[in-house]
Amino acid sequence: MKKSISITLDIAEIIFDIQNKTYLTGRSRSDALSHERVAAMQANDDEENLDQVRRSVSTALAQLKTRVGEYLTVDATSARNSLQEAAGSVVLLLAMPSNYNTASLEAIAASAHDFIVARAVADWFVITDKSDASDYAEAAERALSALDVALCRRVRPRRPAAS
């Protein structure tokens, strides 16, 4: 019998984390000669910035769903390439093996969040600051590895109690 688990990702939190990471990375690169470059690195809520971030989040979510596809419970027979909304949440319903260790649920949620954020930041920096893009692409890959570990956690079998 499969265990049904639900992973909820808050899109506003993901977008805030993307904006915060680009802000902090930009601030750490700041010097007397680079104000314009640093300002361009920092994602914000301006329409053109937010649309690019939302597109990257949409793409990362699609990649995430492919990665957890073995477990993903979905009846969809079609898809759209529309932008991810900037608010609300995405719920991933997973059908895990009966011996899945639910102690790893938070690790799945954290790894999924980290992957989406790092992938979106890498996409952002490909446009605004190529020198930092590869660091975030590598962080996205590390998040996927952590996700794989969390998905594969199992509990030890127990001998049935004697009657």
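Read on for an overview of the structure. Worth saying up front: this structure is predicted, and the values here are computed from it rather than measured.

## A few points about the overall build of the protein
Thinking step 1. Scanning the protein for helices and strands turns up 5 helices and 2 strands.
Thinking step 2. When the helices and strands of the protein are placed in sequence order, the string is β-α-α-α-β-α-α.
Thinking step 3. The dimensions of the protein, computed from C-alpha atoms along their principal axes, are 80 × 35 × 20 Å.
Thinking step 4. Sequence-distant contacts, at least 24 apart, represent 80% of the contacts inside the protein between residues at least 6 apart.
Thinking step 5. Element-wise, carbon and sulfur atoms account for 50% of the exposed surface of the protein, whose accessible area totals about 9800 Å².
Thinking step 6. Computing the positive centroid from 19 side-chain charges and the negative centroid from 22, the protein places the two 12 Å apart.

## Remarks on the nonpolar core
Thinking step 1. Formed by 41 residues in total, the largest nonpolar core has its most connected members in Leu9, Val57, Leu64 and Ile116.
Thinking step 2. Taken together, the elements giving at least two residues each to this core come down to strand 1 (3–10), helix 1 (11–28), helix 3 (47–67), strand 2 (89–96), helix 4 (105–128) and helix 5 (130–151).
Thinking step 3. The leading source of residues in this core is helix 4, at 11 residues.
Thinking step 4. Apart from residues no more than four positions distant in its own chain, leucine 64 is found in contact with Leu9, Leu92, Ala112, Phe115, Ile116 and Leu147.

## Topic: helix 1
Owing to its 3.6 residues per turn, the α-helix brings residues three or four apart onto one side.
Thinking step 1. Taking 1.5 Å per residue, 18 residues should reach 26 Å; helix 1 reaches 26 Å between its end C-alpha atoms and fits that length.
Thinking step 2. Along its buried surface, helix 1 packs onto strand 1, helix 2 (35–41), helix 3, strand 2, helix 4 and helix 5.
Thinking step 3. Between a side-chain oxygen at the N-terminus of helix 1 and the backbone nitrogen of alanine 12 the separation is 2.9 Å; the capping residue is aspartate 10.

## Focus on the side chain of serine 104
Thinking step 1. Here serine 104 shows up in the loop between strand 2 and helix 4.
Thinking step 2. Setting aside chain neighbours within four positions, we find serine 104 in contact with Ala150 and Arg153.

## Notes on the pattern of salt bridges
Thinking step 1. Applying the stated criterion to the full structure yields 6 salt bridges.
Thinking step 2. The closest approach of N and O atoms between arginine 37 and aspartate 129, which form a salt bridge, is 3.1 Å. With arginine 37 in helix 2 and aspartate 129 in the loop between helix 4 and helix 5, the pair connects residues that are 92 residues apart, well separated along the chain.
Thinking step 3. Note that aspartate 148 is salt-bridged to arginine 67, the shortest N-O span being 2.6 Å. Taken as a pair, aspartate 148 in helix 5 and arginine 67 in helix 3 lie far apart in primary sequence, 81 residues in all.
Thinking step 4. According to the relative accessible area criterion, aspartate 148 is partly exposed, its value standing at 27%.

## Things to note about the packing of helix 4 against helix 5
Thinking step 1. With their axes 7 Å apart at the nearest point, helix 4 and helix 5 run at an angle of 160 degrees to one another. Classed by the angle they form, the pair helix 4 and helix 5 counts as roughly antiparallel. Considering how the two elements wind past one another, helix 4 and helix 5 form a crossing that is left-handed.
Thinking step 2. Across the contact of helix 4 with helix 5, the residue classes break down as 19 nonpolar, 2 polar and 4 charged.

Thresholds applied
Residues numbered from 1 in each chain as written. Predicted model: local features only at pLDDT ≥ 70, side-chain atom pairs only at ≥ 80, totals over all residues. Heavy atoms only, no water. Helix = DSSP H or I, 4+ residues; strand = E, 2+ residues; numbered from the N terminus. Contact = heavy atoms within 4.5 Å. Areas by Shrake-Rupley, 256 points an atom, 1.4 Å probe, with all protein chains shown as cover. Lys, Arg positive; Asp, Glu negative; His and termini not counted. Charge placed at Lys NZ, Arg CZ, Asp CG, Glu CD. Core = buried A, V, L, I, M, F, W, Y, C linked by side-chain atoms within 4.5 Å. Buried < 20%, exposed > 50% of the residue type's maximum accessible area, 1.4 Å probe, protein only. Expected span 1.5 Å × (residues − 1). Polar contact = N/O pair within 3.5 Å; in protein donor to acceptor, adjacent residues only side chain to side chain. Salt bridge = Lys/Arg side-chain N within 4 Å of Asp/Glu carboxyl O. Axes fitted to C-alpha atoms, helices over the stretch in contact; angles between N-to-C directions. Parallel < 35°, antiparallel > 145°, perpendicular 65-115°, else oblique. Left-handed = near helix turned anticlockwise from the far one by under 90°. Nonpolar A, V, L, I, M, F, W, Y, C, P; charged D, E, K, R; others polar.

Shape is all these values report; function is a separate question.
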